[in-house]
Amino acid sequence: MEYFLLGLAIVCEILATSLLKYSEGLTKLLPSIGCIGAYILCYFFFGKAITKIHLGIAYATWCGVGIVATTLISYFVFGEKLSVQIVIGILCITVGCVILNLKQ
């Protein structure tokens, strides 16, 4: 159940970050409201998840998955470019998250 809650926190964080881009610096009302609401839900679910998951592992997973997913969204949705260094960084983050979760 705790990893499900962590997954919900990650989804909410990715949604909030994407809406932040659409809000154009919190100047558009609806994306701004959605962004703030998604961040509130994100921290609510993350807070529940860390009652059973070690904080360091949960935070690394949350950040790592969020970084990778947000980078892919920026490429596919917003048309931003990816360099070789970015792809290597994504691979390193992914490997690090897997190693942390295997240690638990």
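Scroll up to find the structure.
I will try to describe carefully the structure that is included in this document. (Residues numbered from 1 in each chain as written. Predicted model: local features only at pLDDT ≥ 70, side-chain atom pairs only at ≥ 80, totals over all residues. Heavy atoms only, no water.)

Within the fold, Thr-17 resides in helix α1 (residues 2-22). For the pair Thr-17 and Ile-36, spaced 19 residues apart in sequence, the C-alpha to C-alpha distance is 9.6 Å. The contact partners of Thr-17, leaving out residues within four places of it in the chain, are Tyr-39 and Thr-70. Within the structure, the side chain of Thr-17 is placed 2.9 Å from the backbone oxygen of Glu-13, a separation counted as a polar contact. Here the side chain of Thr-17 touches Tyr-39 through a polar contact of 3.1 Å, side chain to side chain. (Helix = DSSP H or I, 4+ residues; strand = E, 2+ residues; numbered from the N terminus. Contact = heavy atoms within 4.5 Å. Polar contact = N/O pair within 3.5 Å; in protein donor to acceptor, adjacent residues only side chain to side chain.)

With that settled, the discussion passes to α1. Helix length check: α1, at 21 residues, gives a terminal C-alpha distance of 30 Å against a target of 30 Å (1.5 Å per residue), a fit within 8%. By the burial criterion, the buried members of α1 are Leu-5, Leu-6, Ala-9, Ile-10, Cys-12, Glu-13, Ile-14, Ala-16, Ser-18 and Leu-19. Where the residues of α1 are buried, they touch α2 (29-49) and α3 (55-76). Glu-24 sits one or two positions beyond α1 and adopts a positive phi of about 50 degrees. (Expected span 1.5 Å × (residues − 1). Buried < 20%, exposed > 50% of the residue type's maximum accessible area, 1.4 Å probe, protein only.)

Where α1 meets α3, the axes come as close as 9 Å, and the angle between the chain directions of the two elements is 40 degrees. Classified by the angle their axes make, α1 and α3 are oblique. Between α1 and α3 lies a crossing whose hand is right-handed. Of α3, the residues touching α1 (which contributes Tyr-3, Leu-6, Ala-9, Ile-10, Glu-13, Ile-14, Thr-17 and Ser-18) are Ile-57, Ala-58, Thr-61, Trp-62, Val-65, Gly-66, Ala-69, Thr-70 and Ile-73. (Axes fitted to C-alpha atoms, helices over the stretch in contact; angles between N-to-C directions. Parallel < 35°, antiparallel > 145°, perpendicular 65-115°, else oblique. Left-handed = near helix turned anticlockwise from the far one by under 90°.)

In this description, a pair of aromatic rings is defined by centroid distance and the angle of the planes. Enumeration over the complete set of coordinates arrives at seven aromatic pairs. Summarising the aromatic geometry, the rings of Phe-44 and Phe-45 are spaced 5.5 Å apart at their centres and angled 65 degrees between planes, so their arrangement reads as edge-to-face. Residue Phe-45 is classed as buried on the basis of its relative accessible area of 17%. Pairwise contacts between aromatic rings join Tyr-43, Phe-46, Tyr-59 and Trp-62 into one cluster. (Phe/Tyr/Trp six-rings, centres within 6.5 Å; stacked < 30°, edge-to-face > 60°.)

In this structure, Glu-24 is a non-glycine residue whose phi angle is positive, near 50 degrees. One can find Glu-24 in the loop between α1 and α2. In this structure, Leu-26 is a non-glycine residue whose phi angle is positive, near 60 degrees. Within the element layout of this structure, Leu-26 appears in the loop between α1 and α2.

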